[in-house]
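In case you want the letters, here they are:
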Amino acid sequence: MEAPLNTSKNKYSIIVPTYNERLNIALIVYLIFKHLRGVDFEIIVVDDGSPDGTQDIVKQLQKVYGEDRILLRARPSKLGLGTAYIHGLKHASGNFVVIMDADLSHHPKYLPSFIRKQSETDADIITGTRYVTGGGVHGWNLMRKLTSRGANVLAQTFLWPGVSDLTGSFRLYRKSVLEDIISCCVSKGYVFQMEMIVRASRKGYKIKEVPITFVDRVYGSSKLGGSEIVEYLKGLAYLLVTT
Amino acid sequence: MKHIVKIMTLLMAISALWIGLLQTSILPRSYTWLLPVYFVVSLGCYGLLMVGVGLMQFPTCPQEALLLQQDVVEAKEYLKQRGVDVGSS
Ligand SMILES: Nc1nc2c(ncn2[C@@H]2O[C@H](COP(=O)(O)OP(=O)(O)OP(=O)(O)O)[C@@H](O)[C@H]2O)c(=O)[nH]1
Ligand SMILES: [Mg+2]
């Protein structure tokens, strides 16, 4: 058995941005409550007016789990991920903030290891990494693996970020640290995650990693897309000259 | 210091070393002239090698997908009993 979490003085605000995640949000809320027994936390759902009725499900969940544990902080239209985090952060009452996707690629069973690692090391940021032993990815084709590896080698060679997984977005932040770095991040999509961690590392915040596994989304569809490789290269260049 | 400056400084230091080598001619000249080419080529090879190794050792977790399926069944069961709509969607 692992040692129980000693987190009595800490509160964790879990920000989950959603867009058309009707089924996934219900599943993830259940799993968060299952894996964080005895921890003081709140879930902040930032929904961007999903047409599939995600918000109705969130309201039903509030009836089951309580409106103080699940906060619905919706926005009228799809305004993007970066601002969704900022919006959620404004309503966070915890001293730590977790950011995770709703699509079950980020499994809540890893939350205890994030929390444990943080209290052991007193780090400012704990980031989930897929590229160490104990971590992994399921459901990617060869092309996706290739671009992921290529992107990683490029970033490691040119940016020296000090973390092994730059584009993952399953992370725990000290709230003040997140507030500090999020305001200077301007990128979109994957690059946003990379910018956050690179800026944090340049500012000298203490970053630690825990292994996570990543199962590609099972339900619903992807909202990112477009010329991702071009965007990535632009982002890399941008980070080279601004950090 | 911006990161690009760090990299530039590193490149400059390497070029200075190279020019030094050219002038003192410790190595045969023709050989020294080719050094930057070797440098670039080996950097490229290193990159390709890293990508290749990374691809071959890409960590996968097929069992996680199965575990997730079990979690989904469990969650649906629980939520359905409490009146949350987790019907087919
Ligand atoms: N509030 C809000 N949430 C968003 C927006 N775009 C994406 N999301 C959510 O952000 C999370 C990540 O988006 P995904 O579409 O899964 O992006 P991804 O993980 O790169 O793509 P997949 O490979 O399909 O998983 C999910 O929980 C989405 O519902 C948006 O514009 N607003
Ligand atoms: Mg996803």
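Parameters and conventions
Residues numbered from 1 in each chain as written. Chains lettered and ligands numbered in written order. Predicted model: local features only at pLDDT ≥ 70, side-chain atom pairs only at ≥ 80, totals over all residues. Heavy atoms only, no water. UniProt positions renumbered as here; feature names shortened; annotations may be inferred. Helix = DSSP H or I, 4+ residues; strand = E, 2+ residues; numbered from the N terminus. Disulfide = S-S within 2.5 Å. Contact = heavy atoms within 4.5 Å. Buried area = accessible area lost by both parts, 1.4 Å probe. Salt bridge = Lys/Arg side-chain N within 4 Å of Asp/Glu carboxyl O. Polar contact = N/O pair within 3.5 Å; in protein donor to acceptor, adjacent residues only side chain to side chain. Nonpolar A, V, L, I, M, F, W, Y, C, P; charged D, E, K, R; others polar. pLDDT = per-residue confidence, 0-100.

- Going by an unreviewed UniProt entry, chain B carries the name Dolichol-phosphate mannosyltransferase subunit 3 and comes from Acacia crassicarpa.
- Recorded in UniProt for chain B, the comment headed Sequence similarities (unreviewed entry) runs: "Belongs to the DPM3 family."
- Per UniProt, the comment on chain B under Function (unreviewed entry) is "Stabilizer subunit of the dolichol-phosphate mannose (DPM) synthase complex; tethers catalytic subunit to the ER."

- Naming follows an unreviewed UniProt entry, where chain A appears as Dolichol-phosphate mannosyltransferase subunit 1 of Acacia crassicarpa.
- As recorded by UniProt, the Subunit (unreviewed entry) comment attached to chain A reads in full: "Component of the dolichol-phosphate mannose (DPM) synthase complex."
- Its UniProt record gives chain A the following Catalytic activity (unreviewed entry) comment, quoted word for word: "a di-trans,poly-cis-dolichyl phosphate + GDP-alpha-D-mannose = a di-trans,poly-cis-dolichyl beta-D-mannosyl phosphate + GDP".

### Comments concerning the UniProt feature "transmembrane region" (unreviewed entry) in chain B
All names here are of chain B.
Stage number 1. As recorded in UniProt, the feature "transmembrane region" (unreviewed entry) lies at residues 7-27 and 33-56.
Stage number 2. Taken end to end, residues 7-27 has its terminal C-alpha atoms 27 Å apart, with 86% of it in helix and 0% in strand.
Stage number 3. Taken end to end, residues 33-56 comprises 100% helix and 0% strand; its first and last C-alpha atoms sit 36 Å apart.

### So, the state of the cysteines
Stage number 1. All chains considered together, the criterion is met by zero disulfides over all chains.
Stage number 2. Here Cys 184 of chain A stays free of any disulfide, with the sulfur of Cys 185 of chain A as its closest cysteine sulfur at 5.2 Å.

### A few points about the interface of chain B and chain A
Stage number 1. If you look at the interface, chain B gives 35 residues, while chain A gives 43 residues.
Stage number 2. With both chains or domains summed, chain B and chain A bury close to 3,400 Å², and 71% of this area falls on carbon and sulfur atoms.
Stage number 3. There are four salt bridges connecting chain B and chain A.
Stage number 4. Viewed at the interface, chain A and chain B are joined by 15 residue pairs in polar contact (both at pLDDT 80 or more).
Stage number 5. Of all the elements in the fold, those that place two or more residues in the side of chain B that touches chain A are helix H1 (3-24), helix H2 (29-56) and helix H3 (62-81) of chain B.
Stage number 6. For the side of chain B that touches chain A, the element with the highest residue contribution is H3 of chain B, accounting for 13 residues.
Stage number 7. Class assignment for the residues of the side of chain B that touches chain A results in 20 nonpolar, seven polar and eight charged.

### Focus on the confidence of the model for chain B
Stage number 1. When pLDDT is averaged along chain B, the result is 91, and 98% of the positions lie at 70 or above.
Stage number 2. For this predicted complex, the interface confidence reaches an ipTM of 0.88, while the overall pTM sits at 0.91.

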